[in-house]
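# Close look at the chain arrangement
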Protein chains: 2
Amino acid sequence: MAKAPVLTPQADDFPRWYQDLISKAELADNGPVRGSMVIRPYGYGLWERMQAELDARIKETGTENAYFPLLIPQSYLTREADHVEGFAPELAVVTHGGGKELEEPAVVRPTSETIVNEYFSKWVQSYRDLPLLINQWANVVRWELRPRLFLRTSEFLWQEGHTAHATYEEARDFAARIQREVYGDFLENVLAVDFVSGRKTAKERFAGAVNTLTLESMMGDGKALQMVTSHELGQNFAKAFNTRYLSKEGAQELVWQTSWGSTTRMIGALVMMHGDDDGLRVPPRLAHIQVVVLAIKGDEAVLAKVRELGARLKAAGLRVRVDDRTDVPFGRRAVDWELKGVPVRVEIGPRDLENGTAMLARRIPGGKEPVAIDALESLLPGVLEEDQALLLKQSRERRESRTADVSTIEEAAEAAAAGGWARVPWAALGEEGEARLAEQSLTVRCLIAEDGSVPDDGDAPGNLAVVARAY
Amino acid sequence: MAKAPVLTPQADDFPRWYQDLISKAELADNGPVRGSMVIRPYGYGLWERMQAELDARIKETGTENAYFPLLIPQSYLTREADHVEGFAPELAVVTHGGGKELEEPAVVRPTSETIVNEYFSKWVQSYRDLPLLINQWANVVRWELRPRLFLRTSEFLWQEGHTAHATYEEARDFAARIQREVYGDFLENVLAVDFVSGRKTAKERFAGAVNTLTLESMMGDGKALQMVTSHELGQNFAKAFNTRYLSKEGAQELVWQTSWGSTTRMIGALVMMHGDDDGLRVPPRLAHIQVVVLAIKGDEAVLAKVRELGARLKAAGLRVRVDDRTDVPFGRRAVDWELKGVPVRVEIGPRDLENGTAMLARRIPGGKEPVAIDALESLLPGVLEEDQALLLKQSRERRESRTADVSTIEEAAEAAAAGGWARVPWAALGEEGEARLAEQSLTVRCLIAEDGSVPDDGDAPGNLAVVARAY
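Residues numbered from 1 in each chain as written. Chains lettered and ligands numbered in written order. Predicted model: local features only at pLDDT ≥ 70, side-chain atom pairs only at ≥ 80, totals over all residues. Heavy atoms only, no water.

So, on to the relation of the copies chain B and chain A. In the superposition of chain B on chain A (RMSD 0.0 Å, axial shift 0.0 Å), the rotation amounts to 180°. Both copies are brought into coincidence by an operation consistent with a two-fold rotation axis. Closest to the rotation axis within chain B is the C-alpha of V94 of chain B, separated from it by 2.1 Å. Looking at the interface residues of chain B, 100% of them are also at the interface in chain A, so both copies use one shared face. (Least-squares fit on C-alpha atoms with pLDDT ≥ 70 in both. Contact = heavy atoms within 4.5 Å.)

This is the structure in structure tokens:
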């Protein structure tokens, strides 16, 4: 007998499948103010692990965490012309505080380049103070007209890095290092997410940047999602805020800067990248619950065994949850853990106990088999690593098999309509071609060099444009 | 030759000493919007360690982290009468979003009881969903007319716990457990901060609570600081938001709730509790830098040795910073680490190297002595634990020696004027006496039972009021 589907099948309606999953796996709810969201404990658990893994990599680069205020004087935003033009339509504005109208309205930060530079200009005195490498974990608000949970929300959580360097080259290299050693390494080795690493076209650049690097991934429906970005800000904000340093030679020089961010959007990416019709599949290295040990029935011996096994697996260094809520039917709990995408379920009932076995259910490849309970400690770490690798392989194969090399706008549109990406020579496209793609809701996700690397020059001959419909 | 003081001496002007220290130890700067602050990397490093230690204890109680929106519809606040009365004067209000005036203004959360209950009322269906134990790490905004860095800021960072229980007793016991096992244990064993644990009078209760538990500590100038609070909310918010559950007996019942919080104010407390005229003294168990290894001169052999020793101490599990910035004079760097309160400095110059020794400077008891470099790995863990214990002892002795048992309001005022606290029988004081104390800027910090425990009944005979001038 076939099970009734718990979620709208992906093939029927991918956006609806996404919403169903977010709701039924208890990742998030819509908030009361338009476009806001409540991140529920299971969803937040994923974010906490993302934070821990990213934070360790960020600190490895010598960057330190700090915290800048939520509220920014409106006048700060206007000091960098491109920046205010980009963000003005998305601002939330505080006009009243402590029962009075404010003399100057304050905006809720949409990003912090301006307020960061106000302080960098005080903290940076001489070349000895450089590089200044700062990161913050914070919430930001950008008013969204077409919100979607995790992907586009009026408030989201993120980390934003802000750095100041003595030379153009140092800043450029640091932005690239973040892209590669922090974001690239994290996506590939923790989220098991394949990506293309490239640079944005002028049209798609961050408001105020001179160059934006991006990692773009292909979701389950073939659309693209911008995962993270890293910007070279040149001296734009340094000029606007007069952020200068005394060089070794005794001259007052403007600093060169970068900024870079990654957000709760990655939770949405995880869903659309690894989810299937049964729910989410969480990469084991990310999972805050890697193994759930389930008591099938409320039998005393069974309960004792799942608790003891849970403790044993925890002691072996695995992240384990014991599910002994036997007042809820076993089938409902199994479906729930499947929805939540916990990589491995270990199910134990009275009969299993007699045989000294448990049913081992692997969420990622699927399937169940009996294994000796005493073998689990030594077995599971290998199982989890195998399943981690499988997710990355599936992610990579999807993009490779669905990307077409084409030479015209029409062919690129066809590839996108068929649920894929196109690589088109940038020379054949150019800004005019980019504008024509936009009429068909297609965008250049990024430019890559002929050999697949990130080009130093966007207009270098041989550059390819990666074209896709995007979230 | 006496050094010129780096800070205004405590005895001359305690508030100014505090401001000097915050600024010179690079803990925080004033933000541009009134009452806001920028937490600098060294200050934020203290907060990150507080978060890690508190978070582990919070999770130990079975509480999970989640995230609720920053912006709350204004109408939510008004549903609980005491709550809105308490918070209305402190609200920051967003009236415009995305370039338009909002239909309903949104307040920037001053605390999240209302929005949490909106969702609890959806998530809680039956007794099986209880207890529901949620915590969030977030920023909140409460407009401050007389701001002071860390102690009273318009925006601060905190954790706020929110729980729902089936019975009054469970909620009461959970609030008390948080007070004892999370906050009390953390303050005593990590921050090395002595406190009195008691209950607030009706006047000092959280807006919307039926009982507030508090931990109060004596600062270096004898004034009191409320460190953390834990509230029994009764059914006040459950009624306002109709948060009900189906009981085992099949009846729809209102839940019983708690909320509890700890904030970046604890950084200010740390300064005023352990700081001295040379700067901060960070308890070793908290310190994100426990040991700094300093190269006195830019000699190659010295630099190689401090780096090797730094790596060795790190490998031994200590939190270590290597200071090899020999383009900055040694004396300036030593004073800077002293200001920042790093517990142990290990200083190595060419002459030390010849002898195989280093100078070991201990910030907490003070003093310097030469020790064999190879002995440091085995020596330092014990030194750090010893100094941790000394800080707690000093903290406790200060409060005990400066607390007077008195019987009248006049005597209590005298004790406060002399830079201390008074214990007064609550029966002799009462709400009328409390009002008279307020005229002299004195408050009842909390009520304690005769045996020093937290009284279940504020008006029980024998209860003592702890009276002090407070921050």
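Here, the residues flagged by UniProt with the feature "domain: Aminoacyl-transfer RNA synthetases class-II family profile" (unreviewed entry) are residues 34–283 of chain A. For residues 34–283 of chain A, the end-to-end C-alpha separation is 31 Å, with 33% helix and 32% strand making up the annotated structure. (UniProt positions renumbered as here; feature names shortened; annotations may be inferred. Helix = DSSP H or I, 4+ residues; strand = E, 2+ residues; numbered from the N terminus.)

This paragraph deals with the sheet that holds strand β5 (residues 92–97) of chain B. Taken in spatial order, the 6 strands of this open sheet run β4(A)-β6(A)-β5(A)-β5(B)-β6(B)-β4(B), and their pairing is antiparallel. The outermost strands of the open sheet, each flanked by one partner alone, are β4 (71–73) of chain A together with β4 (71–73) of chain B. Across the sheet, the mean angle from the axis of one strand to that of its neighbour is 45°, orientation sign disregarded. Taken together, the 5 bridges between strand β5 (residues 92–97) of chain A and β5 of chain B define a ladder with antiparallel strand orientation. Each bridged residue has a counterpart across the sheet, and for V93 of chain A the counterpart in β5 of chain B is H96 of chain B. (Pairing = 2+ DSSP bridges. Axes fitted to C-alpha atoms, helices over the stretch in contact; angles between N-to-C directions.)

Residue and element names in this part refer to chain A. One pass over the full model with this rule turns up 76 salt bridges over all chains. The salt bridge partner of R312 is E308, with a shortest N-O separation of 2.7 Å. Of this pair, R312 and E308 both sit in helix α9 (residues 300–315), separated by 4 residues, roughly a single helical turn. For R312, a relative accessible area of 22% puts it in the partly exposed group. Sharing partners across several salt bridges, the network here consists of K305, E308, R312, D374 and E377. (Salt bridge = Lys/Arg side-chain N within 4 Å of Asp/Glu carboxyl O. Buried < 20%, exposed > 50% of the residue type's maximum accessible area, 1.4 Å probe, protein only.)

Our next topic: a negative patch on the surface. A surface patch of negative charge is lined by D12, D13, D277 and D278 of chain A. Taking the relative accessible area as the measure of exposure, D278 of chain A reaches 36% and is therefore partly exposed. (Patch = residues over 30% accessible without salt bridge, like charges linked within 9 Å, V, L, I, M, F, W, Y side chains within 5 Å. Areas by Shrake-Rupley, 256 points an atom, 1.4 Å probe, with all protein chains shown as cover. Lys, Arg positive; Asp, Glu negative; His and termini not counted. Charge placed at Lys NZ, Arg CZ, Asp CG, Glu CD.)

Below, the discussion takes up helix α2 (residues 41–60) of chain B. Residues and elements named next belong to chain B. An ideal rise of 1.5 Å per residue puts 28 Å on 20 residues; α2 measures up with 28 Å between its terminal C-alpha atoms. Here α2 lies mainly inside the structure; 14 of its 20 residues are buried. Directly beyond the C-terminal end of α2, a positive phi value near 90° is found at G62. (Expected span 1.5 Å × (residues − 1).)

The partner chain A presents 53 residues to the 53 residues of chain B that form the contact. Around 4,300 Å² of area is buried between chain B and chain A when both sides are counted, 61% of it from carbon and sulfur atoms. Counting across the interface, chain B meets chain A through 6 salt bridges. One salt bridge connects E64 of chain A with R321 of chain B, and the closest N-O pair in it is separated by 3.1 Å. Applying the counting rule to chain B against chain A returns 26 residue pairs in polar contact (both at pLDDT 80 or more). Considering every element that reaches the side of chain B that touches chain A, the biggest residue donor is β5 of chain B, with 6 residues. (Buried area = accessible area lost by both parts, 1.4 Å probe. Polar contact = N/O pair within 3.5 Å; in protein donor to acceptor, adjacent residues only side chain to side chain.)

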